[in-house]
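Coordinate analysis (summary)
Each chain is listed here by its residues.
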Amino acid sequence: MDLSLICPECKKDCKVFKGTISYSQCCSQCKKNYVMNDGILQFVEDKNTETWDTYWKRTPVYDDIMDVLRKMMNVQLRRYLTKQIPTGSLTLEPGSGSAYVSAMLAEKGFQAYALDYAFMPLSMARKQGNKAQLIQGDLFNTPFMSNTFDLTFNNSTLEHFPNPLDALKEMSRVTKPGKYVFVGVPFTYGPLAAYKLKKSSFKGAWDGTTYDRQGLKKLFQDAGLEVVGSRTFFFRCFVGVLGRKIGAN
Ligand SMILES: [Zn+2]
């Protein structure tokens, strides 16, 4: 890991996190201890991730059909995203789940970082040989310094939160001025909108919001991002907006 990370608790620059991390690390400011587990640096405690771990257990991650569809979608997304930035750029996928796109970016020579609140999908990614740097953390309060990444992106993530603007603002914070933020969410006028998530969800956590282009563009504008483009993808299941960070925040 080449990046210096910051303690999400006190937002102090923690130089101790720089370099190869193979054991527990203590924040020099608040003395909070963060541990490396199975090659994954943990900024949130396991007990907090029970809900998400339950979701990941219930998802047929190894189901063949799902895997083929997911791969198709992620290849589409990777091709689109890599048009925006040169090989070797720093990328971050907050709310990555198993970090499929980040895995492909890492394979293609990008410096790919993936962050998720749940340990299980990251651990699975690790077992599958994912070369991205995997970090367990909170996408609303990430351990990255401001103005770090050339591209910060996620897909099928922000629709699950009641406060997506806060997540997008944090994505913007860690992105370099002039560089890119991409968000993909279920499209209001596509097949996913007809899919009744409610009945199959647990604890209501997966009543994902759907977006039209204008709604998603407005979210970007509210976050202070310049809208560069928008598109639907994967059989119109998702709508995505590419934004650019205008100034440092
Ligand atoms: Zn601290």
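Residues numbered from 1 in each chain as written. Predicted model: local features only at pLDDT ≥ 70, side-chain atom pairs only at ≥ 80, totals over all residues. Heavy atoms only, no water.

1. A closer look at the packing of helix H5 (residues 164-173) against helix H8 (residues 213-222)
The following threshold applies: Angles shown run from 0 to 180 degrees and are taken between the N-to-C directions of axes, each axis being a line fitted to C-alpha atoms and, for helices, limited to the stretch in contact. Put simply, DSSP H or I for four residues or longer makes a helix, DSSP E for two residues or longer makes a strand, and each gets a number counted from the N terminus. Here roughly perpendicular refers to angles of 65 to 115 degrees, roughly parallel to angles under 35, roughly antiparallel to angles over 145, and oblique to all remaining angles. Each crossing gets its handedness from the near helix: less than a right angle anticlockwise from the far helix is left-handed, clockwise is right-handed. Contacts are assigned to residue pairs that have any heavy atoms within 4.5 Å of one another. Note that Gly is not counted as nonpolar here; it falls among the polar residues with everything else outside the nonpolar set of Ala, Val, Leu, Ile, Met, Phe, Trp, Tyr, Cys and Pro and the charged set of Asp, Glu, Lys and Arg.
Where H5 contacts H8, the axes come no closer than 9 Å and their chain directions differ by 55 degrees. Classified by the angle their axes make, H5 and H8 are oblique. Between H5 and H8 lies a crossing of right-handed hand. Contacts between H5 and H8 pair Pro164, Leu165, Leu168 and Lys169 from the former with Leu219, Phe220 and Asp222 from the latter. Considered class by class, the residues forming the contact of H5 with H8 number five nonpolar, no polar and two charged.

2. Remarks on the nonpolar core
Rules: Side-chain atoms within 4.5 Å link the members of a nonpolar core, which is a set of buried Ala, Val, Leu, Ile, Met, Phe, Trp, Tyr and Cys residues. Residue burial is assigned from relative accessible area. The probe radius is 1.4 Å, only protein chains are included, and a residue is buried under 20% of its type maximum, exposed over 50%, and partly exposed in between.
Counting residues in hydrophobic clusters, the biggest one holds 33 residues, and the most contacted among them are Phe144, Leu168 and Leu216. When residues of this core are traced back to their parent elements, those giving at least two are strand E6 (90-94), strand E7 (111-116), H5, strand E10 (175-186), H8 and strand E12 (238-245). Look past the residues within four positions of Leu216 in its chain and what remains in contact with it is Val183, Val185, Tyr211, Val239, Gly240 and Val241. Residues Met73, Met104, Leu134 and Phe238 belong to the second largest nonpolar core, which totals 29 residues.

3. Looking at the pairing of E12
The criterion, for reference: By this definition, two strands are paired if DSSP reports at least two bridges between them.
Taken across its eight residues, E12 has seven buried, putting it largely inside the fold. Bridge count for E10 against E12 is seven bridges, and the pairing is antiparallel. The residue bridging Tyr180 from the neighbouring strand is Arg244, located in E12. Pairing of strand E11 (residues 225-233) with E12, which is carried by eight bridges, proceeds in the antiparallel orientation. Paired with Arg231 across the two strands is Gly240, which belongs to E12.

4. As for the pattern of salt bridges
The line we're drawing: The salt bridge criterion pairs a side-chain nitrogen of Lys or Arg with a carboxyl oxygen of Asp or Glu, the two atoms within 4 Å.
One pass over the structure, following the stated rule, counts five salt bridges. A salt bridge links Arg173 to Glu170, with the nearest nitrogen and oxygen atoms 2.9 Å apart. Linking Arg173 with Glu170, this pair stays in helix H5, spanning three residues, or about one helical turn. Neither Arg173 nor Glu170 differs from the other in exposure class; each is buried.

5. Examining the sheet that holds strand E3 (residues 25-26)
Here 10 strands make up an open sheet; going across it, the order is E3-E4-E5-E8-E7-E6-E9-E10-E12-E11 and the pairing mixed. The open sheet is flanked by E3 and E11, the only strands paired with a single partner. The strands touched by H5 within the sheet are E6, strand E9 (149-155), E10, E11 and E12, with E10 carrying the most contacts at an inclination of about 150 degrees. Here H8 sits on the sheet and contacts E10, E11 and E12; the angle it forms with E11, its principal contact strand, is near 150 degrees.

6. Overview of H8
Which entries qualify depends on this criterion: Arc definition: it is the arc formed by the directions from the helix axis to the C-beta atoms.
Among the residues making up H8, those that are buried are Leu216, Leu219 and Phe220. Along the axis of H8, the buried residues cluster in a sector spanning 100 degrees; they form a single face. Those residues of H8 that are exposed and angled more than 90 degrees off the buried face are Gln214 and Gln221. Buried-residue contacts for H8 involve H5, E10, E11 and E12. Looking at the residues trailing H8, positive phi occurs at Gly224, about 85 degrees.

7. Re unusual backbone geometry
Phi at Asp38 is positive, roughly 60 degrees, even though this residue is not glycine. Mapped onto the fold, Asp38 is located in the loop between strand E4 (33-37) and strand E5 (40-42). Judged by relative accessible area, Asp38 falls into the partly exposed class, the value being 38%. Positive phi values are uncommon outside glycine, yet Ala99 reaches one of about 60 degrees. By the element assignment, Ala99 lies in the loop between E6 and helix H3 (100-107). Judged by its relative accessible area of 0%, Ala99 is buried.

Keep in mind these numbers describe shape, not what the thing actually does.
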